[in-house]
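# Observations on the model geometry
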Amino acid sequence: MTYRKKILPYLSLVILFLAWPQAGLGQERAPVFHTIAIKSAITPPVAEYIVKSISEAAKENAAGLIIQLDTPGGLDLAMRDIVKGILNAPVPVIVYVHPSGGRAASAGMMITVAAHVAAMTPGTNIGAAHPVAIGVGGKMDKTMADKVVNDSVAYVQGIARKTGRNEEWVAKAVRKSASVAAEEAMRLKVIDVVAQDINDLLAKIHGNTVLLPTGRKTITTAGAVIVEKKMGFRERVLTAITDPNIAYILLMIGLAGLYFEFTNPGAIVPGVVGGISLLLALFALQALSVNYAGIVLILFAIVLFIAEIKVVSHGLLTIGGVIALTLGSLMLFDTPDPSIRISLEVLIPAVIITTLFFVVIVTLGLKAQMRRPTTGTETMIGETGVAVTDILSEGRVFVRGEYWSASSDSFIGKGRKVRILGFDHTYLTVEEIKKKEN
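Not measured: the values here are computed from a predicted model.

Summing up its helical and strand segments, the protein chain has 14 helices and 16 strands in all. Within the protein chain, buried positions represent 42% of all 438 residues. Sequence separation of 24 or more characterises 64% of the internal contacts of the protein chain that already satisfy a separation of 6 or more. Carbon and sulfur atoms make up 62% of the accessible area of the protein chain, which amounts to about 24000 Å² in all.

The following block contains the structure:
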């Protein structure tokens, strides 16, 4: 009996130890949802970030990825990369138009329609997806415009058919730029859920079944854990510089910096800053598919500003430069889509500041050219001295404490005052200073 009492506590501990892992295995792991926020135009860096986030969610066995979207639209190619990433995602992707007052316009509408679960916050809207022209020329003739619109309609209808959404309305959003609020979008079956916040969203999509490339999957959100993923430094920088306003400012800084460096060799700092700014601007402009006519006009404006130094135009070249700079800036992103267009609040001050910069530099250059030399033999012109010998074809003069060989077209007697007219090799050309008659 004593032996049993002694061994019983130890036996209980062994049983508890063996039973504990089994109890842990019986517990289900809480679903984890990654969430990212997109609050900008759809550009290549944004597309890369979204596709990367989908891949990370899959690698970390997340239950899904929630994209909080608020965008005015963006570039077609970037949008298509995102749509492909969503449609081929191994995890459910929930696009949530948020916060209230936000929108999923243009490219944002197509991204939302492609989501496995499409949701919106009250007070948001979706639509206005009519394609716009960007790039060389910035405009399309009717035939080309019809082709682009028809292609966009077929593309978005194919997406809507795959995700089970309203094909007729998404076509209307492309052809006629139709746009609706969250509640109307749900009634038209453009989206699946209207939710106040992420917690409300998760509660409403619990149990929904979505179609993934690997088959159907039921979304479980009970006890879900939200993991907020933020852009890394690289993504933040690339997203910032592909904003048309930032790209334009970088272009202006780059051109001004390089111009200053070329006209003042050795300054170093303007050249370094200008070079880096110009390279970043070129990356952004390439991503944004700019109108090259606008770039040519801006470069032509710089040429006109520089030419003002060499050619006396009484300001006509500067005026031409201002006009070319203004037109080039307006044409740089020639599109009605505000998400890929320079804001007038940025454009007007930038044109004024850039114009003032070049005008000041040109003015200082002209003054420097016309200023009387302060060093070298040229500074002696106009100076006075004394003839130390008779001068006919040649002789000697004393100027500034030095003796110089001199020549004159007329005879100058020794001791007479002379004025320096010019300099030829080692000879000064002089003339006699006549005494004023009373």
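A separate point is the environment of Ile-38. If you trace the backbone, Ile-38 turns up in strand 1 (residues 32-38). Judged by relative accessible area, which is 1%, Ile-38 ranks as buried. Separated by 12 residues in sequence, Ile-38 and Ile-50 have C-alpha atoms that sit 8.7 Å apart. Setting aside anything within four residues of it in sequence, one finds Ile-38 in contact with Val-46, Tyr-49, Ile-50, Ile-67, Gln-68, Leu-69, Asp-70 and Met-231.

Before going further, it helps to spend a moment on the packing of helix 3 (residues 76-87) against helix 5 (residues 142-163). Interhelical geometry of helix 3 versus helix 5 gives an angle of 20° and a closest axis separation of 12 Å. With respect to helix 5, the element helix 3 is oriented roughly parallel. For helix 3 against helix 5, the interelement crossing comes out left-handed. When helix 3 is examined against helix 5, the residues Met-79, Arg-80, Val-83 and Leu-87 are found in contact with a partner set consisting of Asp-151, Tyr-155, Ile-159, Lys-162 and Thr-163.

On to helix 8 (residues 198-205), then. Listing the buried residues of helix 8 in full gives Ile-198, Leu-201, Leu-202 and Ile-205. The buried residues of helix 8 occupy one face: seen down the axis, they fall within an arc of 95°. Residues of helix 8 that are exposed and angled more than 90 degrees away from the buried face: Asn-199 and Ala-203. The inward-facing, buried residues of helix 8 abut strand 1, strand 2 (64-69), strand 3 (93-97), strand 5 (117-120), strand 8 (193-194) and strand 11 (225-228). One side-chain oxygen at the N-terminal end of helix 8 lies 3.2 Å from the backbone nitrogen of Asn-199; it belongs to Asp-197. Positive backbone phi, approximately 90°, marks Gly-207, located one or two places after helix 8.

So, about the pattern of salt bridges. Going through the model one piece at a time under the given rule, you end up with 12 salt bridges. Here the salt bridges share partners, and the residues they tie into one network are Asp-76, Arg-80 and Asp-151.

Let's shift gears to the packing of aromatic side chains. Overall, the coordinates contain 1 aromatic pair when judged by the stated rule. Note on Phe-398 and Tyr-403: the rings are 4.8 Å apart at their centroids and 55° apart in plane angle, and the pair reads as tilted. Since its relative accessible area comes to 33%, Phe-398 is described here as partly exposed.

Moving on, we come to a nonpolar patch on the surface. Together, Ile-246, Ile-249, Ile-253, Ile-268, Val-269, Val-272, Val-273, Ile-276 and Leu-280 make up an exposed nonpolar region whose accessible area comes to about 730 Å². Top contributing element to the nonpolar patch by residue count: helix 11 (residues 269-288), with 5 residues. The class for Ile-246 is partly exposed, based on a relative accessible area of 36%.

What follows deals with the sheet that holds strand 6 (residues 125-127). Pairing is mixed in the open sheet, where 3 strands are placed in the order 4-6-7. Since the sheet does not close on itself, it has two edges, and those belong to strand 4 (103-105) and strand 7 (179-181), each with one partner. Neighbour-to-neighbour, the strand axes of this sheet turn through a mean angle of 15°, independent of strand direction. Taken together, the 3 bridges between strand 4 and strand 6 define a ladder with parallel strand orientation. Following the sheet pairing, Ala-104 is matched in strand 6 by Ile-126. Along the sheet, helix 4 (residues 107-114) makes contact with strand 4 and strand 6, crossing strand 4 at roughly 105°.

With that settled, the discussion passes to the nonpolar core. Within soluble globular proteins, side chains that are nonpolar generally end up buried alongside one another. Formed by 85 residues in total, the largest nonpolar core has its most connected members in Met-109, Trp-169 and Leu-332. With 7 residues, helix 10 (residues 244-263) is the single largest residue contributor to this core. Apart from the residues lying within four places of it in its own chain, the contact partners of Leu-332 are Tyr-248, Leu-251, Leu-285, Val-290, Asn-291, Gly-294, Ile-295, Ile-298 and Ile-342. Of all hydrophobic cores here, the second largest spans 16 residues; its members include Ala-63, Tyr-96, Leu-202 and Val-210.

Here 5 strands make up a closed barrel; going around it, the order is 12-13-14-16-15 and the pairing mixed. Taking the axes of each pair of neighbouring strands and ignoring which way they run, one obtains an average angle of 55° across the sheet. Sheet topology places strand 15 (residues 417-424) next to strand 16 (residues 427-432); 6 bridges connect them, and they run antiparallel. When the bridges of strand 16 are listed, Phe-423 appears paired with Leu-428.

With that settled, consider the pairing of strand 3. Judged by how many residues are buried, strand 3 sits mostly within the fold: 5 of 5 residues are covered. The two faces of strand 3 match: Val-93, Val-95 and Val-97 on one face and Ile-94 and Tyr-96 on the other face are all buried. Relative to strand 3, strand 2 runs parallel, the two sharing 5 bridges. Residue pairing for strand 3: Ile-66 is matched across the bridge by Ile-94. The β-α-β motif built from strand 2, the intervening helix 3 and the parallel element strand 3 has right-handed crossover chirality. The pairing of strand 3 with strand 5 spans 4 bridges and is parallel. Paired with Ile-94 across the two strands is Val-117, which belongs to strand 5.

Examined against the element boundaries, Val-83 turns out to sit in helix 3. In sequence terms Val-83 and Thr-112 are 29 residues apart; their C-alpha atoms lie 8.9 Å from each other. Residues within four places of Val-83 in sequence aside, it is in contact with Met-110, Ile-111, Ala-114, Tyr-155 and Ile-159.

The rules behind each value
Residues numbered from 1 in each chain as written. Predicted model: local features only at pLDDT ≥ 70, side-chain atom pairs only at ≥ 80, totals over all residues. Heavy atoms only, no water. Helix = DSSP H or I, 4+ residues; strand = E, 2+ residues; numbered from the N terminus. Buried < 20%, exposed > 50% of the residue type's maximum accessible area, 1.4 Å probe, protein only. Contact = heavy atoms within 4.5 Å. Areas by Shrake-Rupley, 256 points an atom, 1.4 Å probe, with all protein chains shown as cover. Axes fitted to C-alpha atoms, helices over the stretch in contact; angles between N-to-C directions. Parallel < 35°, antiparallel > 145°, perpendicular 65-115°, else oblique. Left-handed = near helix turned anticlockwise from the far one by under 90°. Arc of directions from axis to C-beta. Polar contact = N/O pair within 3.5 Å; in protein donor to acceptor, adjacent residues only side chain to side chain. Salt bridge = Lys/Arg side-chain N within 4 Å of Asp/Glu carboxyl O. Phe/Tyr/Trp six-rings, centres within 6.5 Å; stacked < 30°, edge-to-face > 60°. Patch = residues over 30% accessible without salt bridge, like charges linked within 9 Å, V, L, I, M, F, W, Y side chains within 5 Å. Pairing = 2+ DSSP bridges. Core = buried A, V, L, I, M, F, W, Y, C linked by side-chain atoms within 4.5 Å. Right-handed = clockwise from strand over helix to strand, strands pointing away.

Read these as layout, nothing more, since geometry by itself doesn't imply function.
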